[in-house]
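Residue-level structure breakdown
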Amino acid sequence: MRYTGLIIITAFIFVCLFFGLNKEDQTLKSAFLNKPIPEINLNSLKKDKLDQSDFKNEIILVNFFASWCVPCIVEHDFLFELKKQKPIKIYGINYKDNIKNLEIWLEKLGNPYSKIGIDKTGITGINWGVNGIPESFLIDQNGIIKHKVTGVINEKQIKILLTKIESLEK
Amino acid sequence: MVAIIGNISLIFATLLSFYQFLNIRNINKIRVLNPDRNISLQFFFILTAFFCLMFAYVVSDFSILNVYQNSHTAKPLLYKITGVWGNHEGSMLLWVLVLVFFGFLISRYDKRLDLPYKTLTLSFQSLITFVFLLFILLSSNPFIVISPTPVNGLDLNPLLQDPGLAFHPPNLYIGYVGLSIVFSFTIARFYKGSFDASWAKLIKPWVLLSWSFLTLGISLGSWWAYYELGWGGFWFWDPVENASLMPWLCATALLHSTLVLEKRNTLKKWTILLAFLSFSFSLIGTFLVRSGIITSVHSFASDPTRGVFILMICAFFIFSSFILLAKKAGSIKEEKLISPISKEGTIIFNNLLMVALLLTIFIGTIYPIFLEIFTGNQISVGPPYFNLTSTLIMGPGILIMSFAPMINWKKDDLIGLLSRLKIILFLSLLVTFIFFYINFKGPIIALVGIFLAAWLFFGTLFNFFEKTKYLKKLKNLNKTFLGMTVAHLGVAIFIAGITGSTLWKVEKIKTLKVGEKVLLNNYSLNFDKIKKIRGKNYIGHEAEFNLYKKNKFIKTLKPQKRFYPVQEFPTTEAAIYSRGISDIYIAMSEPIGNSWIFRFHYSPLTPWIWIGSIMAFIGGILSFSHRIFKRI
């Protein structure tokens, strides 16, 4: 066939585009995995601080969310579900949100968070390499990022998280 | 209720399009539901779905997820309407609406087609419709209902709350999607009829129409970025911009190669390939924009299944068309012998340059994706690469474009041609010299740009005078020829515009208090006032500048900085004073204490970018109207 070259090149481009589509998970994992948590110094909802000193001697899940984020509503129930199965601390980082809306949101849906840091400007989000919310990070006893979930934490993600937590507890 | 009607309409349209596609098995059979009626019904149902969505936006029906995510009761009515396509789902619905609309146009108004060929073409068009409707229903349904109904919506991205959204996407889509009908015409030709001059005549008006609207859509987008985004530029080589430029380049090549096929019965396979590539690049463009593979969409985690779905659609159409061409290429006979000094010679040169530029831009656009896969590094290919390559590739093209229309088909004599070029060369050098004399500050390359623009302008005019026997034969002037002349003159003006705008631009960034002034070329701008403003869904500040030239008052300019509370998003409304040959541009930034940061531009010839683009659009439409009216 005379157009074999054209077809092969096109096929190659498509294969690359396909892998390009699925790149998000891998690259983000590799950039932050097994590194200490990036800088964090936020006012919390209860008028105290959320900073590096809050990440000591226990396993913590950090969850970036906002009241304007529709997937976060879906995720919310699963955070309670996770706590039911494994009572770990969850810190929420409220990303570019309006405090009033946040309070109403928490009142309506409940509050699974031990602490909520207010990232009004989104700078903490940038430091942590958040691309879109919701995103969550699993931090070990030494303040090292061990796992990242991009998008909603659902049943499948809970299973993965539980195995990760178990291995960290050993 | 609206959601139910919308969903049912979409499902009916899907079934109808699939039924029409099944018709390819036996195109001569008379059916109860003939193709014309089928296409009209498809059009009717999609239009119904589209209006349902629009209605939901207008009445702020937040029970529909899509409306909730992209609208707000306080949003002005215009943006409620345009907000329909200011999001992924609605935008895809508009895409399909245009797709079906083109089928409808063909079935109603293109009387040149015999029934079997028309049935076949419409069947392939329906296949495209079917696949995209499936995509909408399965992964991008705009009619998803949420319960309980939210009290208010999340509002539309404020950058999109601009009249630009009303015009830019629909025009661009007419261009993008119009290429689908050319694709369907081509595929159908493999099964019925042959690739001869008559085929070129058939597709030509539709290529022209798509090309014209692509031109208009792209330039509207660029104009929008210029005054709304506040960056002071008109083109940023952003992947999304490139996505629209690639089909345009391909359609430009196709436009010219059909000429050769029509007149000389050759370049058949090349023209077929271009027809396929044009639509393929429309699809790839849709993929790049919609999948979020390059630009990261910020607010919501995007659904990865969508990207895979569109990629599969692209792969399906692109591979099947390429394989079809590869299989049947052997049976397509071409006339040989093309002399380089002939019209077809110059057109081939044009085609090669267009495709070279197309590939350069394509590589620059997808290179970051490749690099990330193979090395994990994230890079972005920026304007330096694109500016350099596009200038180098287009330069020679413009040189030839000036005299290409003068050359005869088959063979022309070089000496006679060169003697005619003398006067054009003289005039262009004169203009360049005048520019050099008025404004000699700029870099040398700017003079090259001006020379090329003048060269093309005078060459085109010269040809026009010559062909109309110095305006004596204006009466029976061929509209196609007039269209070509207007479009080529438009390109000349456009080149002058980008040259002035990019190379002679004066930029100043100043922090000013009320009462201070800034000098820009021969102008002085006095910062006289700042006041608070309040719109329907935004608050903000407006500054007042009085513009003087040599102490003579000209105009008050009012740039704004707006803040949209629902989305917590600031926008910049630049103030522009345009006098036809240059722009004074003020964009307002953040306050520091009681002073404000402003960005000032003096951009000579910038308005010419859009004047030239509009001329190209008008030229294309002139030529289209001639071709389509002649045969109906």
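Summary of the structure given here.

Rules behind the numbers
- Residues numbered from 1 in each chain as written.
- Chains lettered and ligands numbered in written order.
- Predicted model: local features only at pLDDT ≥ 70, side-chain atom pairs only at ≥ 80, totals over all residues.
- Heavy atoms only, no water.
- Patch = residues over 30% accessible without salt bridge, like charges linked within 9 Å, V, L, I, M, F, W, Y side chains within 5 Å.
- Areas by Shrake-Rupley, 256 points an atom, 1.4 Å probe, with all protein chains shown as cover.
- Salt bridge = Lys/Arg side-chain N within 4 Å of Asp/Glu carboxyl O.
- Buried < 20%, exposed > 50% of the residue type's maximum accessible area, 1.4 Å probe, protein only.
- Core = buried A, V, L, I, M, F, W, Y, C linked by side-chain atoms within 4.5 Å.
- Helix = DSSP H or I, 4+ residues; strand = E, 2+ residues; numbered from the N terminus.
- Domains from an automatic or database assignment.
- Contact = heavy atoms within 4.5 Å.
- Pairing = 2+ DSSP bridges.
- Polar contact = N/O pair within 3.5 Å; in protein donor to acceptor, adjacent residues only side chain to side chain.
- Nonpolar A, V, L, I, M, F, W, Y, C, P; charged D, E, K, R; others polar.
- Axes fitted to C-alpha atoms, helices over the stretch in contact; angles between N-to-C directions.

Observations regarding a nonpolar patch on the surface
- A contiguous nonpolar patch, built from B:Phe426, B:Leu430, B:Phe433, B:Ile434, B:Phe436, B:Tyr437 and B:Ile438 and spanning about 800 Å² of accessible area, is present on the exposed surface.
- The class of B:Tyr437 is exposed, set by a relative accessible area of 65%.

Here's the deal with the nonpolar core
- Counting residues in hydrophobic clusters, the biggest one holds 146 residues, and the most contacted among them are B:Trp95, B:Trp206 and B:Phe287.
- If you tally residues by element for this core, the top one is helix α8 (residues 197–228) of chain B, at 15 residues.
- Each of domain 1 (1–161) and domain 2 (183–408) of chain B accounts for three or more of the residues forming this core.
- Non-local contacts of B:Trp95, meaning those with residues more than four positions away in its chain, are made with B:Phe132, B:Tyr173, B:Tyr176, B:Val177, B:Phe279, B:Leu283 and B:Thr286.
- Judged by nonpolar contacts, the second largest core, of 42 residues, contains A:Cys72, A:Ile93, A:Leu106 and A:Val149.

Side note on the pairing of strand β9 (residues 582–592) of chain B
Residues and elements named next belong to chain B.
- Summarising the sheet, strand β8 (residues 575–578) and β9 pair through four bridges and their orientation is antiparallel. Each bridged residue has a counterpart across the sheet, and for Ala-575 the counterpart in β9 is Ile-586.
- Linking two consecutive strands that pair antiparallel, namely β8 and β9, is a turn of three residues; a positive phi of about 90° is found at Gly-580 within it.
- Following β9, the chain reverses through two residues before pairing antiparallel with strand β10 (residues 595–604); Gly-593 in that reversal takes a positive phi of roughly 60°.

Overview of the environment of A:Ile145
- Relative to the assigned elements, A:Ile145 resides in strand β7 (residues 145–150).
- Considering only alpha carbons, one finds A:Ile145 and A:Lys89, 56 residues apart in sequence, at a separation of 15 Å.

Points about the interface of chain B and chain A
- Taken together, the contacts link 36 residues of chain B with 32 residues of chain A.
- In this structure, the connection of chain B to chain A is made through zero salt bridges.
- Linking chain B with chain A are zero residue pairs in polar contact (both at pLDDT 80 or more), by the criterion used here.
- Elements represented by at least two residues in the side of chain B that touches chain A include exactly α3 (65–70), α10 (268–291), α11 (304–328) and α12 (343–375) of chain B.
- No other element matches the 12 residues that α11(B) contributes to the side of chain B that touches chain A.
- In terms of residue class, the side of chain B that touches chain A is made up of 27 nonpolar, five polar and four charged.

A few points about the sheet that holds β7(A)
All names here are of chain A.
- Across the sheet, which stays open at both edges, the five strands sit in the order β5-β4-β3-β6-β7 with mixed pairing between neighbours. Only two strands of the sheet have a single neighbouring strand rather than two, namely β5 (115–119) and β7. For this sheet, the mean angle separating the axes of adjacent strands, direction not counted, is 20°.
- Two elements, strand β3 (residues 60–65) and strand β6 (residues 135–139), share five bridges in a ladder whose sense is antiparallel. Within β6, the residue paired with Val-62 across the bridge is Phe-137.
- Together, β3, β4 (89–95) and β5 form the strand contacts of helix α4 (residues 99–109), whose direction differs from that of β5 by roughly 155°.
- Packed onto the sheet, helix α6 (residues 155–169) meets β3, β6 and β7 and runs at close to 175° relative to β7.

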